[in-house]
Each structure stands twice: as structure tokens, then as C-alpha cells.
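Spelled out, the chains give:
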Amino acid sequence: MSWFKYFASLALLSVGLAPGHAAIRIAIAGISHESNSFNLTKATLADFEEADALSGNRKQWLETTAKSNVNASGMIAGAAKYGVELYPIHFFSAVPRGPVDDRGFDSMVSRIIQGLKRGPAYDGVLLVLHGAMVVDSYPSGDAEIVRRVRQAMGPKFPIGVTHDFHANVDPAIIANANVVITGKECPHLDTKERGFQTAEILARMIKGEVKPVQALVKPPMMLNLIHHDTYRAPLKAIVDASKATEKLPGVLAVSIPGGYQYGDVPSMGPSVIVITDNDPALAKREAERLGALLWGIRDQLKFDLPDPAKAVRMAIEGTKFPVTLLDTGDNVGGGSAGDSTFMLAELVKQKAEGWVMAIFDPQAVQKAVSVGVGRPFELPVGGKTDKMHGEPVMIRGKVKSLHDGKFIETEVRHGGYRYWDAGLTAVIEAQGSTPDLPNLLILNTNRTVPLSIHQLVSVGVYPERQKILVAKGTIAPLAAYEPVSARIITVDSGGACAVNPAHFTYKMARKLYGFEGGK
Ligand SMILES: [Zn+2]
């Protein structure tokens, strides 16, 4: 053992020592995954292990996480307020993709349960679960985790759970956990607050100050992703009502998650969870009242977006430029391919002028490199990753320029990234270009989320001089593209992240108001 390790383990020991009083000990663990049932790439153990946050040093993990704004950060603050000792076990998370395979899931859950049994006698556990995890054998992976923890730790063991706003809350998780609290806000700005609230209620439960009871109501409606902005109508009124309800005597917490429409599961859709202090009738009454409020806005949740053909036509017929078309189906940040061709095919077919679009196609970049700058380029581009993102589109033009793909974003943009690497990049002047209005196809070697306008500027494209810009995303590109756009059109395009459920074949989700695709 090195000296460093020796001192580190001494420090570790001292964290757990609190002589003189029997402190409450709560374990904290998490498995977080938002699973897209229609994404064919499975999430395996390897994807999660890469992101296992607990490297064996509990103190360091607590210190680092406390500085962040995630659910666990709030749990740490909540625990501190009540003098609770927190024991991190394992935190697994992976980027959103297809469902989690059974093997990986079993391994992660059993490691958490082993940790719960091996540690000091815990008084309870706080679980950070996304709430939209699908596992091959379990429509709600989150409910299955809690079922197994409940089974392992017994009927009296206090279990508190936080979920993301995009949770598809399964009735089984309400039955097996004592406290389930989801994010209230989208964009998710209240994660730390919700972690704090969950830790607070669980700590007070362990101290015998409160006895949480929960009621769940699931109005039979769909809340499409395009309406998930909780800071605007119609959802803002519902969130405000949930906050007001939380202030009523006897009410401990209220959650109204929007659900996650890419989870083809029986519990897909929005929910209302009300937690009261030992008053099941109050919990039920308030959950039903808020459920009725949510049901009441169903006619305001229209889905009326143009398809790629109509959107390109609207852009061409516009009077003010540039027009930015948001290619929602190929939302690179949401885990889609980045090489969808639905927009490109329409731009070419309708002979649009002055368009710019970046697309992931390393093979086409290599072709451009081998051809050389100024030389003719002819190759089917895009649609090569899977079968969900359209067919390759024949591009005929010339190689305008080649770049290393590195650029810097100095403004505050979604995610806050500064140093970017789109990989080796080629700009193709495509068919239909004129000296004043070129059609520019930017071929990237790396999948690049369109969060920075410098993805274009750094390769010599002046966005403000072009007529049509295509950005692959839904909300995230807005900060970068709004300042240079005269108009923004959100497009109902296909792909792994299509916002229109009609693009997918559902097998398990229920039929809901605004969603005919269910059974
Ligand atoms: Zn979310």
C-alpha cells in the first residue's frame, strides 16, 4: 500500500466515524438510463461500466458530487441538513440508446444489492433512477430495481427514489418504494432541489417524524415531447398547481412527470404522484384533482408540424432568410444517427437554393479527400448508419474545401462546451449551386451535435448569406441558430428521435388520447 493510499483509506474510515451518537446511515446508489425502445443498439454492461461514478473513494465522490447540480447533489445537501451519513454504493449511467440487455441489468442491480447488504446496517436507501429505463425482460427497469431491493432488504426498509421529468412511472414502483419524486421542470433545472426533497422526506421518515403514503394517477393521454416546456403554456399552469398543492397541510411532495414517448411500455405517458403524511385519502384526492387538470389541457396539445417536403417548400417560398429547419427526427444529441437524409433528399428534389447542411459521413469525407479540393465529387451521401434514417442521396458537385474539423465556441450554448472536434471535414458545393448562392454540404467524420454556429463558420460558410440552414435537433440548436435565423421551422422528420409517434410501431404502450398507436 502506498503512503497516499494509506492516508486515503484513513480519511475514508474517519468519514464513517461519528462517535457519541447513532447517526442515521443511508446508502445512495443509482442506475440511470433513458431507453429508446425503437433504437436498435442495445445498452450493455460495458456502456454503463465506463460511467461508474464510484471509484472506491466515498469521501471524494461525496465532495465532487456535492458541487454539481444533479439529484445526488441535492441528496447530499438534504442528508447534511438532517445529520445523515451517506454511503455511496454504485452509480451507473449510460448515454441514451436502445433497451438495456438482461445480463448487464442483472449485474448492476446485484452489485447494488450486495453493496446494501455488505455495508454497515443501513437505515434506508436513496436511489437515483431515470424512470424511463427499458430492459429486455422488464418494461420498467426502474420498477424491477426497486422490487429487487425491496425483496432483498425487507418490507420495512425505507426506499426513496428520484426520477427524471421524462419518467414513465410504473404503478409497481409506487407500491415498492416509500417516496418517489420526479423532476418538475423541463428544461431540467430543479434536479438538485428534487434530490434534496427526497432525502429530506426519507430522513424524516427514518426519524419517525412523517409517514409517507403515495397515490399515483395516470391520465389516459399523451404529452408529446414538443409540449414539454414547463416554463410555457400549457404545461406551466400544471406545474404551478403542483407547487401550490405541495404547500397544503399534510402534503409532502407532488410530482407531475411528462413521460417519455420513445418507451414502448404499458406505463408510457404522464403521471401525477402525490405524497402525504399518512393521509391516503388526501393523497388520492389531490392526485385525482391534478390528474383532471392535466386531462383538461389535452385539446391544447396539438401536434401540427410540417413534414420534410412541406417544410422545405415553406422555406423556399419564404420572404425572409435564412430559414432554419430543425430536423427533429435526427436529433444527434438524443442519440440518433446524425446521417439522416430526409431533409437532404427534399432540398435536392425541390431544387432549393442556398442551403447548408452538416451530415455525418466519414466515408464521404474520405472520398472528398482522395478526390482533392476543386475536383468533381459524386457519391451517395448519408443514410448509412441504419435503416431508420433514409436512403443515401446522390450528391454531384465539387470539393470546395477540407478542414481538420476543430473549432471553438466562446458563447454560452446548450451544454456549455467550448472545444469541438467534428473530425476531418469536407465541404461539398452540391448540385444547383450558383456563384452567389452555393448549396453547401458539410461532411463530418465525427457525429456532431449542432450546438455551435462555428461548425459552419469554421469551414468558411457564412450562415447569414445562405437561405436555408438545416440543424439536426429539436431544442438544443436554438441558442446557436436563433441569432442568425429570420425564421425557424420545426420539422416532423423521421428517425430514431422522431417527435411524431406515428413514425413508430408500438407493441406495448396503451392507446391514449392523442396517441392512436397504442393497443
Ligand atoms: Zn429528461
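Cut-offs applied
Residues numbered from 1 in each chain as written. Predicted model: local features only at pLDDT ≥ 70, side-chain atom pairs only at ≥ 80, totals over all residues. Buried ≥ 20, exposed ≤ 12 C-beta atoms within 10 Å, placed from the backbone. Helix = DSSP H or I, 4+ residues; strand = E, 2+ residues; numbered from the N terminus. Pairing = 2+ DSSP bridges. Core = buried A, V, L, I, M, F, W, Y, C linked by C-beta atoms within 7 Å. Domains from an automatic or database assignment. Contact = placed C-beta atoms within 7 Å. Axes fitted to C-alpha atoms, helices over the stretch in contact; angles between N-to-C directions. Nonpolar A, V, L, I, M, F, W, Y, C, P; charged D, E, K, R; others polar. Arc of directions from axis to C-beta.

Trainee: Before we move on, can you summarise the pairing of strand β9 (residues 323–327) with the specific residues and values?
Mentor: Among the five residues in β9, five count as buried, and that is most of the element. The two faces of β9 match: Val323, Leu325 and Asp327 on one face and Thr324 and Leu326 on the other face are all buried. Inspection of the sheet shows β9 paired to strand β17 (residues 468–471) by four bridges, in the parallel sense. Across the sheet, Thr324 pairs through a bridge with Leu469, a residue of β17. Two strands pair when backbone bridges link them, and β9 and strand β18 (residues 487–491) are joined in this way by five bridges, in the parallel orientation. When the bridges of β18 are listed, Val323 appears paired with Arg487.

Trainee: Break down the nonpolar core for me, citing the residues and quoting the values.
Mentor: Core analysis: the largest hydrophobic core is formed by 87 residues, its most contacted members being Ile26, Ile28, Met75, Leu127, Leu202, Ile273 and Ala287. By residue number, the principal contributor to this core is helix α8 (residues 191–206), which donates seven residues. Two domains each put at least three residues into this core: domain 1 (24–300) and domain 2 (308–499). Not counting residues within four places of it along the chain, the set of residues in contact with Ile28 comprises Ala72, Met75, Leu86, Tyr87, Pro88, Ile89 and Leu126.

Trainee: Hey, could you go over the sheet that holds strand β5 (residues 179–182) for me, with residue numbers and the actual values?
Mentor: Read from one edge to the other, the open sheet built from five strands follows the order β2-β1-β3-β4-β5, with strand pairing classed as parallel. Edge positions in the sheet fall to β2 (85–93) and β5, since each of these pairs with one other strand and no more. Put simply, the sheet's adjacent strands are angled 15° from each other on average, direction ignored. The sheet contact formed by strand β1 (residues 25–32) and strand β3 (residues 124–129) spans six bridges and is parallel. Paired with Ile28 across the two strands is Leu126, which belongs to β3. The strands touched by helix α4 (residues 71–81) within the sheet are β1, β2, β3 and β4 (159–163), with β1 carrying the most contacts at an inclination of about 175°.

Trainee: Lay out the domain arrangement of the protein in plain terms, naming residues and giving numbers.
Mentor: Taken as a whole, the protein is organised into domain 1 (24–300) and domain 2 (308–499). Each side of the interface is counted separately: domain 1 has 10 residues, and domain 2 has five residues. Residues that form the side of domain 1 that touches domain 2 fall into these classes: six nonpolar, three polar and one charged.

Trainee: Which residues make up the sheet that holds strand β7 (residues 251–255), and what are the values?
Mentor: Spatially, the three strands line up as an open sheet ordered β6-β8-β7, and their pairing is antiparallel. Each edge of the open sheet carries a strand with a single partner, namely β6 (212–217) and β7. Taking the axes of each pair of neighbouring strands and ignoring which way they run, one obtains an average angle of 15° across the sheet. Relative to strand β8 (residues 272–277), β6 runs antiparallel, the two sharing six bridges. Of the residues in β8, the one forming a bridge with Gln214 is Ile275.

Trainee: Which residues make up the environment of Ile201, and what are the values?
Mentor: On the secondary structure map, Ile201 appears in helix α8. For the pair Ile201 and Pro88, spaced 113 residues apart in the sequence, the C-alpha separation amounts to 19 Å. When residues no more than four places from it in sequence are discounted, the contact partners of Ile201 are Gly160, Val179, Val210, Pro212, Leu252 and Ala253.

Trainee: Describe unusual backbone geometry, and please don't skip the residues or the numbers.
Mentor: The step from Cys186 to Pro187 runs through a cis peptide bond, and the omega angle for that step is -5°. Secondary-structure assignment places Pro187 in the loop between β5 and α8. For the peptide bond that leads from Phe321 to Pro322, omega is -5°, which places it in the cis range. Within the fold, Pro322 resides in the loop between α11 (308–316) and β9. The phi dihedral of Asn278 falls on the positive side, at around 55°, and the residue is not glycine. Considering the arrangement of structural elements, one finds Asn278 in the loop between β8 and α10 (280–296). Judged by the 12 C-beta atoms lying within 10 Å of it, Asn278 is exposed. The backbone of Lys351 sits at a positive phi, close to 50°, despite the residue not being glycine.

Trainee: Could you give an account of the environment of Ala175, with specific residues and numbers?
Mentor: Within the secondary structure layout, Ala175 lies in helix α7 (residues 171–176). C-alpha separation for the pair Ala175 and Thr276, spaced 101 residues apart in sequence, amounts to 15 Å.

Trainee: Which residues make up α11, and what values go with them?
Mentor: Restricting attention to buried positions, one finds in α11 the residues Pro308, Ala311, Val312 and Ala315. Buried residues in α11, looked at end-on, bunch into an arc of 95°, giving them a common side. Residues of α11 that are buried in the fold lie against β9, α12 (342–349), β17 and β18.

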